[in-house]
Amino acid sequence: MFLLHLFLPNLTPSILKIKAKATLFYYCIKLLARCSLLFFLRRKIICGFPLHTLKGPAIIASNHPNSMLDAVVIACQCRQPVHFTIRSDMFNNPVFRFLLKGLNGIPVYRASEEKEKLRENFNSIDLCRNILKKNGIIIVFSEGITVHDWKLKPLKNGTARIVQHALLDPQLVQTLQVVPAGLTYSDYEHPAKTIIIQTGEIFYPGRLRHMDHTGAWKQAFNAQLFQELRSLIPALETDNREAINIWQTLITNITYKGNRNTFIKHIHYQAGVLSAAAFETTLRHKLKRYFLPAHRTGYYRSYPAAVMLCIPALAGFILNSPFYFPVNSFVRTKTKNTIFYDALLFGLLTMLYPLYILLASVLLAYFTGILLTLWIVAIPFCGWCTVQFWVYTLKIKNHLTLTPSERKYMQTFITGMEFNNKKRQGRGSPAH
């Protein structure tokens with residue numbers, strides 16, 4: 001409270017208390033979310049502008065492939081508290097409304113959900129400008145909809161409207177930043193997934209031309225933002241199930257050495273190869289959850305890793321099954337035929353798992369006589385071992401499922417050998 005009063009001396013004590021509680025709630029949930037991501041995401045690959053250094057006023061304009069999880073992933077990369085836009089009907093549930101307000105959610109009203117409240121968007125846009133005037137950061141999902149795929153959809157006008165309204169303030173014309181961000185997930189149906197977070201260069205929308213023409217300016221802004229995002233999001237333009245299977249295996253097991261820009265070019269190139277109408281694959285086996293060692297050495301290392309993890313993994317399975325499987329079953333039932341499985345599962349794990357750990361630790365300490373603190377550490381640690389053991393065993397199983405020629409074929413995609421060969425051929429004659 002003293003620090004808040006020091007930096008915000010004009011606020012009354014009551015307002016200070018409200019702000020302190022809101023800030024504390026935000027950071028507590030953020031801490032829990034970061035811990036949950038250690039279990040929910042197996043790998044996180046970050047490229048481009050470092051979001052932890054970003055300071056407002058700024059808008060992070062992102063694609064939107066995975067519902068609320070997208071906002072969590074981006075917010076956990078930022079050191080400064082962020083706000084985010086979200087469909088308004090999520091606020092209709094009292095529990096969600098409490099959580100979203102505490103996490104700085106900004107409702108966006110759409111005709112598809114609450115047509116009668118569309119005029120409320122003016123208030124949301126005003127709120128965005130006020131946040132930016134206070135050097136805040138807002139995450140805006142520029143596609144406007146969530147679809148589980150691997151390509152950029154046409155951009156809606158929401159981001160342009162928020163930016164254009166903000167630029168009516170002279171203070172923001174030269175200072176407002178837009179950071180394009182691209183999210184690529186390996187999977188939308190299971191935990192232990194891989195995610196690639198790639199951010200582009202900051203640009204300043206107040207310096208765009210056509211500032212005097214509303215329609216022309218929006219078109220110029222959307223065109224620039226679309227081009228920026230397209231370079232960050234590998235576009236898999238196919239419904240071919242075999243190609244999608246290879247793509248998800250590629251993202252799950254992608255390897256990179258040295259320059260990450262080369263790594264991203266490799267991902268884009270492979271997406272183009274898989275999206276080609278003439279693409280045919282020699283792979284005849286569907287890989288289980290897409291885990292596969294990129295090299296033979298990775299296959300051999302999976303055996304000792306699985307052996308070392310087997311005992312704590314078994315303990316983790318026993319200790320965490322009473323919590324995880326009922327929650328997972330509930331989420332699958334609730335989100336059947338929707339795009340909210342990952343978001344709801346992650347949310348329940350984040351909010352309820354700490355309570356489960358505490359309750360289970362108290363009971364186990366009472367019946368076993370082992371210190372409570374040891375159980376509080378052992379339950380999540382053994383759960384993490386279970387996830388790692390599961391990954392290594394699936395790598396072994398998938399490797400043995402494939403024929404030698406199929407393994408070589410997949411290694412070509414994962415390691416980028418084909419991309420590197422094309423790159424070398426493009427250099428021209430040996431004289432270069």
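Scroll up to find the structure this text is about.
These figures come from a predicted structure and were not determined experimentally.

What counts and how
- Residues numbered from 1 in each chain as written.
- Predicted model: local features only at pLDDT ≥ 70, side-chain atom pairs only at ≥ 80, totals over all residues.
- Heavy atoms only, no water.
- Axes fitted to C-alpha atoms, helices over the stretch in contact; angles between N-to-C directions.
- Helix = DSSP H or I, 4+ residues; strand = E, 2+ residues; numbered from the N terminus.
- Parallel < 35°, antiparallel > 145°, perpendicular 65-115°, else oblique.
- Left-handed = near helix turned anticlockwise from the far one by under 90°.
- Contact = heavy atoms within 4.5 Å.
- Nonpolar A, V, L, I, M, F, W, Y, C, P; charged D, E, K, R; others polar.
- Phe/Tyr/Trp six-rings, centres within 6.5 Å; stacked < 30°, edge-to-face > 60°.
- Buried < 20%, exposed > 50% of the residue type's maximum accessible area, 1.4 Å probe, protein only.
- Lys NZ or Arg CZ within 6 Å of the ring centre and 35° of its normal.
- Core = buried A, V, L, I, M, F, W, Y, C linked by side-chain atoms within 4.5 Å.
- Pairing = 2+ DSSP bridges.
- Patch = residues over 30% accessible without salt bridge, like charges linked within 9 Å, V, L, I, M, F, W, Y side chains within 5 Å.
- Areas by Shrake-Rupley, 256 points an atom, 1.4 Å probe, with all protein chains shown as cover.
- Salt bridge = Lys/Arg side-chain N within 4 Å of Asp/Glu carboxyl O.
- Expected span 1.5 Å × (residues − 1).
- Arc of directions from axis to C-beta.
- Disulfide = S-S within 2.5 Å.
- Lys, Arg positive; Asp, Glu negative; His and termini not counted.
- Charge placed at Lys NZ, Arg CZ, Asp CG, Glu CD.

Undergrad: How should I be thinking about the packing of helix H6 (residues 121-133) against helix H7 (residues 158-166) in this particular structure?
TA: Packed helices, taken two at a time, are described by the angle their axes make and the gap between the axes. Look at H6 against H7: their axes get within 9 Å of each other, and the N-to-C directions meet at 55°. The orientation of H6 relative to H7 falls into the category oblique. Both H6 and H7 take part in a crossing whose hand is right-handed. In this structure, H6 contributes Ile125, Asp126, Cys128, Arg129 and Leu132 to the contact, and H7 contributes Arg161, Ile162, His165 and Ala166. When its residues are assigned to classes, the contact of H6 with H7 shows five nonpolar, one polar and three charged.

Undergrad: Would you explain the packing of aromatic side chains in this entry?
TA: In this description, an aromatic ring pair is defined by two values, namely the gap between the centres and the angle between the planes. The full count for this structure, using the stated rule, is 18 aromatic pairs. Measuring from ring centre to ring centre gives 5.2 Å for Tyr299 and Tyr300, while their planes differ by 55°; the resulting arrangement is tilted. With a relative accessible area of 8%, Tyr299 lands in the buried category. In this structure an aromatic cluster arises from ring pairing among Phe39, Phe323, Tyr353 and Tyr356. The ring of Tyr341 carries the charged tip of Arg332 above its face, separated from the ring centre by 4.2 Å.

Undergrad: Is there a simple way to explain the nonpolar core in this structure?
TA: Nonpolar side chains in soluble globular proteins tend to be buried together. The biggest cluster of nonpolar side chains holds 79 residues, and the ones touching the most others in it are Ile60 and Trp247. A per-element tally of this core places helix H13 (residues 341-368) first, with nine residues. What Ile60 contacts, discounting residues up to four positions off in sequence, is Leu51, Leu54, Ile74, Cys78, Ile137, Ile138, Ile139, Val140, Val179 and Ala181. Formed by 27 residues, the second largest nonpolar core is a distinct cluster that contains Ala61, Val140, Phe203 and Ile233.

Undergrad: Got a minute to help me understand the sheet that holds strand S4 (residues 105-108) in this structure?
TA: By definition, the strands of a sheet pair up through backbone hydrogen bonds, in either a parallel or an antiparallel sense. The mixed open sheet is built from seven strands, whose spatial order is S1-S7-S6-S2-S5-S3-S4. The open sheet terminates on both sides in strands that have one partner only, identified here as strand S1 (41-48) and S4. When strand polarity is set aside, the average angle formed by the axes of neighbouring strands in this sheet is 25°. Relative to strand S5 (residues 137-141), strand S3 (residues 82-87) runs parallel, the two sharing three bridges. Bridge pairing links Phe84 to Ile139 in S5.

Undergrad: Honestly, a nonpolar patch on the surface in this entry has me stumped. Any pointers?
TA: A contiguous nonpolar surface patch, about 420 Å² in accessible area, is contributed by Leu314, Phe317, Ile318 and Phe325. Mapped onto the secondary structure, Leu314 falls in helix H12 (residues 296-334). Judged by relative accessible area, Leu314 falls into the exposed class, the value being 53%.

Undergrad: Can you help me understand helix H9 (residues 214-230) in this one?
TA: Residues that lie three or four places apart on an α-helix share one face, since the helix turns once every 3.6 residues. With 17 residues, H9 extends 24 Å from end C-alpha to end C-alpha; this agrees with the ideal 24 Å at 1.5 Å per step. Regarding H9, the residues found buried are Trp217, Lys218, Phe221, Asn222, Leu225 and Leu229. When H9 is viewed along its axis, its buried side chains cluster within an angular range of 125° and face the same direction. Close packing links the buried residues of H9 with strand S2 (58-62), H7 and strand S6 (177-185).

Undergrad: What's the story with the state of the cysteines in this structure? I'm lost.
TA: Two cysteines whose sulfur atoms are joined by a covalent bond form what is called a disulfide. Per the stated rule, a full pass over the model turns up zero disulfides. With no disulfide partner, Cys78 has as its closest neighbouring cysteine sulfur the one in Cys76, 9.2 Å distant. There is no disulfide at Cys382, and the cysteine sulfur nearest it, in Cys385, is 5.8 Å away. Residue class for Cys382 comes out buried when judged on its relative accessible area of 11%.

Undergrad: What am I meant to see in a positive patch on the surface here?
TA: Together, Arg34, Lys44, Lys55 and Arg79 give the surface a local cluster of positive charge. By secondary structure assignment, the location of Lys55 is in the loop between S1 and S2.

Undergrad: Explanation requested: H6 in the structure shown.
TA: Across its 13 residues, H6 extends 18 Å between first and last C-alpha, which sits within 8% of the 18 Å expected from 1.5 Å per residue. Buried within H6 we find Asn121, Ser124, Ile125, Cys128, Ile131 and Leu132. End-on view of H6: buried residues confined to an arc of 120°, all on one side of the axis. Looking at the buried positions of H6, the neighbouring elements they touch are S2, S3, S4, S5, H7 and helix H8 (170-173). Immediately downstream of H6, the backbone of Asn135 shows phi near 65°, a positive value.

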